[in-house]
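As a plain string of letters, each chain reads:
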Amino acid sequence: MQGSDRRRLWLVPAAMVALGGLYFVGLSARYLLNYLAATPSPTRGEYLQGTVLALTMALPLWLLVAAFAYPARKALSRGIFVALNAPAAILAVAFLLMNLIPILLYWVSS
């Protein structure tokens, strides 16, 4: 097996994990659409909890996609490599901001 073929083998687990990441992003979109379509009620916020939980479950999967794509970076075009890493970067920044909001609110309130 040549070096390029070995590097491309890393794309198989990357594709499998990407399917899991797409599932959780789709689940998050479904909860968000349910939140937008629901009539205002006290329990409507639970849809947003489902959205955040699904995105939280998608983050490790997209980080794995980025990790599996790294050894194959020379076998991929630059655009595909960036497209595989973009969801991981976006979700990581969003997750960091979601965790910083309570700290900022506590700091502002005291």
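For the structure itself, consult the block above.
Predicted, not measured: the structure shown is a model, and the values here were computed from it.

**Structural notes on the environment of Phe81**
Consideration 1: Here Phe81 shows up in helix α4 (residues 78–109).
Consideration 2: Ignoring any residue separated from it by four or fewer positions in sequence, one finds Phe81 in contact with Ala69, Tyr70, Arg73 and Leu76.

**Some points on a nonpolar patch on the surface**
Consideration 1: The grouping of Val93, Leu96, Leu97, Leu100, Ile103, Leu104, Trp107 and Val108 at the surface amounts to a nonpolar patch, some 840 Å² of accessible area in total.
Consideration 2: For Val93, the location among the structural elements is in helix α4.

**Re helix α3 (residues 46–69)**
Since the α-helix turns once every 3.6 residues, residues separated by three or four places project in the same direction.
Consideration 1: Its 24 residues give α3 an end-to-end C-alpha distance of 35 Å, which sits within 8% of 34 Å, the value for a rise of 1.5 Å per residue.
Consideration 2: The principal kink in α3, of about 25 degrees, is found at Leu59, preceding the proline Pro60 by one to four residues.
Consideration 3: Of the residues making up α3, those classed as buried are Gly50, Thr51, Ala54, Ala58, Leu59, Leu61, Trp62, Val65, Ala66, Phe68 and Ala69.
Consideration 4: In the core, the buried residues of α3 are packed alongside α2 (11–37) and α4.

**Quick look at the nonpolar core**
Consideration 1: Residues Val17, Phe24, Ala58, Trp62, Val65 and Leu91 are the most contacted members of the largest nonpolar core, which totals 15 residues.
Consideration 2: Going through the elements one at a time, α2, α3 and α4 are the ones with two or more residues in this core.
Consideration 3: Ranked by residues supplied to this core, first place goes to α3 with eight residues.
Consideration 4: When sequence neighbours within four positions are dropped, the list of residues in contact with Ala58 reads Gly21, Phe24, Val25 and Leu91.

Here is what the cut-offs are and how they apply
Residues numbered from 1 in each chain as written. Predicted model: local features only at pLDDT ≥ 70, side-chain atom pairs only at ≥ 80, totals over all residues. Heavy atoms only, no water. Helix = DSSP H or I, 4+ residues; strand = E, 2+ residues; numbered from the N terminus. Contact = heavy atoms within 4.5 Å. Patch = residues over 30% accessible without salt bridge, like charges linked within 9 Å, V, L, I, M, F, W, Y side chains within 5 Å. Areas by Shrake-Rupley, 256 points an atom, 1.4 Å probe, with all protein chains shown as cover. Salt bridge = Lys/Arg side-chain N within 4 Å of Asp/Glu carboxyl O. Expected span 1.5 Å × (residues − 1). Bend = angle between axes of the 7 residues up to and from the residue. Buried < 20%, exposed > 50% of the residue type's maximum accessible area, 1.4 Å probe, protein only. Core = buried A, V, L, I, M, F, W, Y, C linked by side-chain atoms within 4.5 Å.

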